[in-house]
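Here's the letter readout for the chains.
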Amino acid sequence: MVTLAKSLCEDVEFSAEDALRSDPDFLCQLYTRAIEAGATTINVPDTVGYTTPAEFFNLIKYLRENVKGIDNVVISVHGHNDLGMAVANFLAAVEGGARQLECTINGIGERAGNAALEELVMALQVRKSYFNKYFNRDEDSDISLTNIKTQEIFKTSRLVSSLTGMMVQANKAIVGANAFAHESGIHQDGVLKNRRTYEIMDAESIGLSDNFIVLGKHSGRHAFRSRLSDLGYVLTDDELNKSFVRFKELADKKKEISNADIESIVTEELSTHIDVDRYKLADLTVNCGAKVEPSAIVTVSDAVLGTNNTVTAIGTGPVDAVYKAIGILTPNAPDSKLLEYTVSSVTAGIDALGEVTVRLQDTNTSRIVFGRSANTDVIVASAIAYINALNRLENIRGTAVPTHPQFN
């Protein structure tokens, strides 16, 4: 297979499944044969996230000493985070001689996920003076050890979160909401006197800016487009128009609009676009309180039937009541199961946008979809996110279930 692949392209990667639990001598024979057949990259995967940093380092070192021709190929590593050591394992592999790291944004992936790209990149960036020697560089060399533009990390993290519906935990290293927050009094005092006291890297290095207040209710379309350009977004005229309408609606509710608010609006527009938007929230009223049974009156429009229907539902809370009402109004809702419901704040403050993400599973096919919305009213955001997910179910229903590329 390697020989065939080499006849079709120049760069061929050979991977040995579950290498970290395999016999090292057998791996040496296998990788030697692969290199002889034309492999230019050999991958050493910790498929089940089982190994430790020391074991990974020792295996890479052993392979470098015993695999013929290994000096002429790239050593790659792949690993999962089942025991929470994926990033540490990869950094140890780098010390051993690995030069390609197969990782993911936010550490997303099967089971407990993969090694997180942002953590690996910033570890190599912040600790260059430590890792330089493994690249035959002077300790004080300031040349980056990767080709990653670190200023794009935070924006990319949010984009991936929006597109996948998988929220980033607040205490997540590098990109979590609390990554650069300081609550302890002694920490705050130290940071105010010298940021380096408790901050080992600048927030700006991953693309976070202190410029929170950017636009207001009197800002025009040109200023909005200009700010989007500054943030790195290129939208079509239709996408710009829809985003601008959302921006003006938000500006009427919030006195100060931040870059994070704008990014939330745009990513919602980009990530929630679907071919057929059958259901739409037309109206919503909730009634709840300490001594009141939560209820919701919901009106949903159906673009296929051309109708507007309204129902009242009672729930354990306002969101539950709203979702029960929507379930009655949307024929495909009974065939879905709510797997996840999360709410997060885009910015600080009582008037902050609330982002809601829901994940639904089609009970007939087990396919999973997500819906997302942001609004200063989290109940409204919850309703729109749920309807968005139901529209996605409507779009995929009846289509072929995609198979893994490995089995095509």
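Use the structure listed above.
Structural notes, computed from the coordinates. All values derive from a computational prediction rather than experimental measurement.

Things to note about the sheet that holds strand β3 (residues 74–79)
If you walk across this open sheet you meet the four strands as β1-β2-β3-β4, and the pairing is parallel. One side of each edge strand has no neighbouring strand; the edge strands of this open sheet are β1 (13–15) and β4 (100–102). Between one strand axis and the next, the sheet turns through 25 degrees on average, direction left out of account. Note that β1 and strand β2 (residues 41–46) share three bridges and pair parallel. Note that in β2 the partner of S15 across the bridge is N43.

A short note on unusual backbone geometry
Positive phi values are uncommon outside glycine, yet D18 reaches one of about 55 degrees. Relative to the assigned elements, D18 resides in the loop between β1 and α2 (24–36). Not every positive phi belongs to a glycine, and N136 is a case in point at roughly 60 degrees. Its location among the elements puts N136 in the loop between α6 (128–131) and α7 (153–164).

Examining the packing of helix α9 (residues 221–230) against helix α10 (residues 237–253)
In the contact formed by α9 and α10, the axes pass within 11 Å of each other and the chain directions differ by 110 degrees. Comparing their axes, α10 and α9 come out roughly perpendicular. Note on element contacts: α10 touches α9 through D237, L240, N241, S243, F244 and F247, opposite R221, F224, R225 and L228. Grouping the constituent residues of the contact of α9 with α10 by class yields five nonpolar, two polar and three charged.

Things to note about the pairing of strand β12 (residues 368–375)
For β12, the tally of buried residues reaches seven of eight residues, placing the bulk of the element in the interior. Looking at chain direction, strand β11 (residues 354–362) and β12 are connected through eight bridges and run antiparallel. Paired with L360 across the two strands is V369, which belongs to β12. The turn joining β11 and β12, which pair antiparallel and follow one another in sequence, is formed by five residues; a positive phi near 70 degrees is taken by S366.

Quick word on α10
Taking 1.5 Å of rise per residue, 17 residues should cover 24 Å, and α10 covers 25 Å from first to last C-alpha, within 8% of that figure. Inspection of α10 places L240, S243, F244, F247, L250 and A251 among the buried residues, and these make up the whole buried set. Within α10, the buried residues cover an arc of 125 degrees as seen down the axis, which keeps them to one side. Of the residues in α10, the exposed ones pointing more than 90 degrees away from the buried face are D252 and K253.

About the criteria used
- Here the residue numbers are simple positions, counted from 1 along each chain's written sequence.
- For a predicted model such as this one, the threshold for reporting local features is a pLDDT of at least 70, and the threshold for listing and counting side-chain atom pairs is 80 or more; totals across whole chains, interfaces and linings nevertheless cover every residue.
- Only hydrogens and water are removed before side-chain values are computed, so all heavy atoms of the structure are retained for them.
- By definition, two strands form a pair when at least two bridges between them are found by DSSP.
- Starting at the N terminus, helices and strands are each numbered in turn, a helix being any DSSP run of H or I of at least four residues and a strand any DSSP run of E of at least two.
- Whenever a helix is involved, its axis is fitted only over the stretch in contact; in every case the axis is a line through C-alpha atoms, and angles between N-to-C directions fall within 0 to 180 degrees.
- Any angle that falls under 35 degrees is termed roughly parallel, while one over 145 is termed roughly antiparallel, one within 65 to 115 roughly perpendicular, and all others oblique.
- Contacts were defined at the residue level, with two residues in contact if any of their heavy atoms lie within 4.5 Å.
- Three residue categories are used. Nonpolar comprises Ala, Val, Leu, Ile, Met, Phe, Trp, Tyr, Cys and Pro, charged comprises Asp, Glu, Lys and Arg, and polar comprises the others, including Gly.
- The cut-offs for exposure are 20% and 50% of the maximum accessible area for each residue type, with area from a 1.4 Å probe on protein chains only; residues under the lower value are buried, those over the upper are exposed, and the others partly exposed.
- Here the expected span of a helix is defined as 1.5 Å times the quantity of residues minus one.
- It is the directions from the helix axis to the C-beta atoms that the arc portrays.

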